[in-house]
Amino acid sequence: MLLPSVTVVCSHFFPPWNPSDEAANRGKSVHRLCFERATLPPEQWSDVPKAQRGYVDAFLEWRDLYRPVFHVEACETHRISEKLGVHGTPDLVATMGDGIIAVVDLKSGGAPPYVDMQVPAYRRLLCDTWGKVDHGAWLILKANGGSKFRVQDATEDGFSWEWDGGDFLLREVEDEA
């Protein structure tokens, strides 16, 4: 059975989000550079192009401030959940300083309108395919080196979806966490 991606399901409920090719390519590159800095020793890091230094500096500042311990085996790993009816590739999974485990979705520049749905969907995907994840979060990295970090705990993602192979149905749920 061909399952939709988390992004396809979430974008179904919002106006189209069509970043330019330049923005999409920048996002892929920034993700790769941040993934390296989350999972590899510094001597294995790629050089950062000048245009992306601010984004990477923002990631490193966030990493140094929050001191996450990354679960390398779960970062940037494609996951499929027949139970949830979706597949996807969450960006980063880490134990944060307070001991909670969070999936962290990286955004370079801005966030699509469906990010409030996408992050908890990744959390649920990981819970079904990897292990307990307490929170979903997103980190918006800015070209000027600034960032915005938001954490959603499991009580904020009171939604679920059903997919019948052609249409998505969004419904609220009391507690599936």
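Residues numbered from 1 in each chain as written. Predicted model: local features only at pLDDT ≥ 70, side-chain atom pairs only at ≥ 80, totals over all residues. Heavy atoms only, no water.

## Comments concerning the pattern of salt bridges
Pairing between side chains becomes possible if they bear opposite charge and their charged atoms approach one another. Summed over all chains, the structure comprises 6 salt bridges. For the salt bridge of Arg 37 with Glu 36, the shortest nitrogen-to-oxygen distance reads 3.3 Å. Asp 105 is the salt-bridge partner of Lys 107, the closest N and O atoms lying 2.7 Å from each other. Using a relative accessible area of 10% as the deciding quantity, one classes Lys 107 as buried. You can call Asp 105 buried: its relative accessible area is 4%. Each of the salt bridges in this network shares a partner with another, and the network as a whole consists of Arg 32, Glu 36 and Arg 37. (Salt bridge = Lys/Arg side-chain N within 4 Å of Asp/Glu carboxyl O. Buried < 20%, exposed > 50% of the residue type's maximum accessible area, 1.4 Å probe, protein only.)

## Notes on the nonpolar core
In terms of nonpolar packing, the biggest core is built from 23 residues, with Phe 59, Phe 70, Leu 92, Val 104, Leu 106 and Leu 141 touching the most fellow members. If you list the elements that add at least two residues to this core, you get helix H2 (21-39), helix H3 (53-66), strand S4 (92-95), strand S5 (101-108) and strand S6 (135-141). Of the residues forming this core, the biggest block, 6 residues, is contributed by H3. Apart from residues lying up to four places away in sequence, Phe 59 is in contact with Cys 34, Arg 37, Ala 38, Phe 70, Leu 92, Leu 106, Leu 139 and Leu 141. Within the second largest apolar cluster, 15 residues are counted, among which are Ile 101, Met 117, Tyr 122 and Leu 126. (Core = buried A, V, L, I, M, F, W, Y, C linked by side-chain atoms within 4.5 Å. Helix = DSSP H or I, 4+ residues; strand = E, 2+ residues; numbered from the N terminus. Contact = heavy atoms within 4.5 Å.)

## Some remarks on H3
With 14 residues, H3 extends 20 Å from end C-alpha to end C-alpha; this agrees with the ideal 20 Å at 1.5 Å per step. Along H3, the residues that are buried comprise Gly 54, Tyr 55, Val 56, Ala 58, Phe 59, Leu 60 and Trp 62. The first or second residue beyond H3 is Arg 67, which carries a positive phi of 50 degrees. (Expected span 1.5 Å × (residues − 1).)

## Topic: unusual backbone geometry
Note: most peptide bonds trans; most residues except glycine with negative phi. Not every positive phi belongs to a glycine, and Arg 67 is a case in point at roughly 50 degrees. Looking at where Arg 67 falls in the secondary structure, it is placed in the loop between H3 and strand S1 (69-70). The class for Arg 67 is exposed, based on a relative accessible area of 59%. In this structure, Glu 76 is a non-glycine residue whose phi angle is positive, near 50 degrees. For Glu 76, the position within the fold is in the loop between S1 and strand S2 (79-81). When its relative accessible area of 32% is taken as the criterion, Glu 76 is described as partly exposed.

## Description of the confidence of the model for the protein chain
Within the protein chain, residue pLDDT values average 84, and 85% of them lie at 70 or more. Within the model, the stretch residues 158-177 combines pLDDT values under 50 with 45 contacts to residues more than four positions away or in other chains. (pLDDT = per-residue confidence, 0-100.)

## Some words on the pairing of S6
For S6, the tally of buried residues reaches 7 of 7 residues, placing the bulk of the element in the interior. Alternating positions in S6 separate into two faces, His 135, Ala 137, Leu 139 and Leu 141 on one and Gly 136, Trp 138 and Ile 140 on the other, with burial throughout. Bridge count between S5 and S6: 7 bridges; the pairing is parallel. When the bridges of S6 are listed, Ser 108 appears paired with Leu 141. Handedness of the S5-helix H4 (residues 115-129)-S6 crossover: right-handed. (Pairing = 2+ DSSP bridges. Right-handed = clockwise from strand over helix to strand, strands pointing away.)

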